[in-house]
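Spelled out from the first residue to the last, the chains are:
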Amino acid sequence: MQVALIQEPYLFDNVSIPVTSTLTLSCVADRPRSAIYTSVQTPVVFLSHLSSRDVCVCEVSLGGLVVVFVSVYFPPSDGVELQLSHLSSVIDSIGSRPLVVAGDFNGHNVMWGSNRVDSRGDKIADFISNYDLFLLNDGEEFTFYTVRDGRVLKSKVDLTMVSSQLLSKQWHWKVGEVITASDHRVLEFGFAAGDAFVPPSASTRKWKTSGVEWDDFKLAVGQKVARWMALFREAGTAIALDRAVTIFLKELSTICDGTLPKWPTLKKLVPWWNDE
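Each chain has its residues counted from 1, running along the sequence as written. Local features are withheld for residues below a pLDDT of 70 in this predicted model, meaning they are given only at 70 or higher, and side-chain atom pairs are given and counted only at 80 or more; totals for whole chains, interfaces and linings count all residues. The side-chain numbers reported here are obtained from all heavy atoms of the structure, hydrogens and water having been left aside.

## Thoughts on the packing of aromatic side chains
We apply this condition: Any pair of Phe, Tyr and Trp rings, taking the six-membered ring for Trp, is counted once the centres come within 6.5 Å. Such a pair is stacked with planes under 30 degrees apart, edge-to-face with planes over 60 apart, and tilted for the rest. The way it works is that DSSP assigns letters per residue, a run of H or I at least four long becomes a helix, a run of E at least two long becomes a strand, and they are numbered from the N terminus. Note on exposure labels: buried denotes an accessible area under 20% of the residue type's maximum, exposed denotes more than 50%, and partly exposed covers the range between, all computed with a 1.4 Å probe on protein chains only.
Inspection of every chain in the model, using the stated rule, returns six aromatic pairs. For the ring pair Trp-171 and Phe-189, a centre distance of 6.5 Å and an interplane angle of 40° mean the geometry is tilted. Remark: Phe-189 occurs in strand β15 (residues 187-191) and Trp-171 occurs in strand β14 (residues 171-175); sequence separation between them is 18 residues. Classification of Phe-189 as partly exposed rests on a relative accessible area of 25%. Ring geometry for Phe-232 and Phe-248: centres 6.1 Å apart, planes at 65°, overall edge-to-face. Remark: Phe-248 occurs in helix α4 (residues 238-259) and Phe-232 occurs in helix α3 (residues 215-233); sequence separation between them is 16 residues.

Listed below in structure tokens is the structure:
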């Protein structure tokens, strides 16, 4: 683990409890509800001027690429507009730097696999679209799961998103199986250490389609067809239709990545003194 984005961390005397061999970043006042843990070997700068009780921001150097990480907690009892406004100011402040945002947003929308849409989820989805962010969530598994008074409570309110500058990375994302004391499950995501940053190609030709065995592709598509049809049937507005198209294209692209051979990518030449 190089970076961990934490929400509602355990506290001692109103300060996030540090974990062995990690550096803990958080606002020190008003019982912080978001924090970031990093390996002590990871080059990191805490952006305290952009951080608050519910939003923690830092800049991390990963393999020569500087990425801004934002840990977010949106309390369900608070109006989502204020939190989105703060997050907007953070994104506006960092400019064009690559960005990763993850946290507990406490909103529901089919865009990230919920079976219903609420007003919070609608506003969060609009925010994601307006800032050209891209969800890594696959919408398959619940990210929150607990049993209270004999009732099973489960939802998909924990989101992970990246800016367009990071789309060329080969991301992996999954709901982890590690057991913690939290009601929320651990989300594991990242990209390969040797995955050099390459600007998105202008070409749309990513996969080879000649001489391909299509059985795996057909099987994977067949498993998604019902979900896709439901998304488009329930898209009663132009915004909802845009979201359905975004989800469809993301999932179809993932299927292609897993079942079709890719055209080779030319390696970008770098100066001999570059770490790459």
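## Comments concerning the sheet that holds strand β8 (residues 65-73)
For the record, the criterion: Strands qualify as paired when DSSP identifies two bridges or more between them. Each axis is a line fitted through C-alpha atoms, taken for helices only over the stretch in contact, and angles between the N-to-C directions span 0 to 180 degrees. Any two residues having at least one pair of non-hydrogen atoms within 4.5 Å are treated as being in contact.
Spatially, the six strands line up as an open sheet ordered β6-β7-β8-β9-β13-β10, and their pairing is mixed. On the outer flanks of this sheet lie β6 (44-46) and β10 (133-135), each paired with one strand and no other. Ignoring which end each strand starts from, the neighbouring axes of this sheet average 25° apart. When β6 meets strand β7 (residues 55-62), the two strands line up antiparallel, connected through three bridges. Bridge pairing in β7 places Val-44 opposite Val-60. In this fold helix α1 (residues 80-94) packs onto β7, β8, β9 (99-104) and β10, with an angle of close to 175° to the strand it touches most, β8.

## Side note on the environment of Thr-42
With respect to the secondary-structure elements, Thr-42 resides in the loop between β5 (34-39) and β6. Considering only alpha carbons, one finds Thr-42 and Ser-61, 19 residues apart in sequence, at a separation of 7.2 Å. Sequence-distant contacts of Thr-42, that is, excluding residues within four places in its chain, are made with Gln-2, Val-60 and Ser-61.

## Brief notes about the nonpolar core
Heads up, the condition is: The set of buried Ala, Val, Leu, Ile, Met, Phe, Trp, Tyr and Cys residues whose side-chain atoms join them within 4.5 Å is what this entry labels a nonpolar core.
Counting 39 residues, the largest nonpolar core has Val-70, Leu-87, Phe-105 and Ile-128 as its most contacted members. The element contributing the most residues to this core is α1, with six residues. With residues near it in sequence (within four places) discarded, Ile-128 still touches Met-111, Trp-112, Leu-133, Leu-135, Leu-159 and Met-161. Within the second largest apolar cluster, 19 residues are counted, among which are Leu-25, Val-60, Val-162 and Leu-187.

## With respect to the side chain of His-108
Tracing the chain through its elements places His-108 in the loop between β9 and α2 (119-130). Discounting chain neighbours no more than four positions away, the residues touching His-108 are Ser-114, Arg-116, Val-117, Asp-118, Gly-121, Asp-122, Ser-155 and Val-157.

## Comments concerning the environment of Val-72
Within the element layout of this structure, Val-72 appears in strand β8. What makes Val-72 buried here is its relative accessible area of 0%. Distance in space between the C-alpha atoms of Val-72 and Asp-54 is 5.9 Å, their sequence separation being 18 residues. Those residues within four positions of Val-72 in sequence are excluded, and the remaining contacts are Gln-7, Asp-54, Leu-87, Val-101, Ala-102, Gly-103, Asp-104 and Phe-105.

## A few points about the pattern of salt bridges
Side chains carrying opposite charge are able to pair once their charged atoms draw close together. Note the threshold: Salt bridges are counted wherever a side-chain nitrogen of Lys or Arg sits within 4 Å of a carboxyl oxygen of Asp or Glu.
Scanning the entire structure with this criterion turns up eight salt bridges. Across the pair Glu-251 and Arg-227 runs a salt bridge whose closest N-O atoms are separated by 2.7 Å. Taken together, the residues Glu-251 in helix α4 and Arg-227 in helix α3 connect sequence positions 24 residues apart. Several salt bridges share partner residues, and in doing so they unite Glu-140, Lys-224, Arg-227 and Glu-251 into one network.

## Some words on the environment of Asp-78
Following the sequence through the fold, Asp-78 ends up in the loop between β8 and α1. Excluding anything up to four places from it in sequence, Asp-78 contacts Arg-33, Gln-83 and Arg-120.

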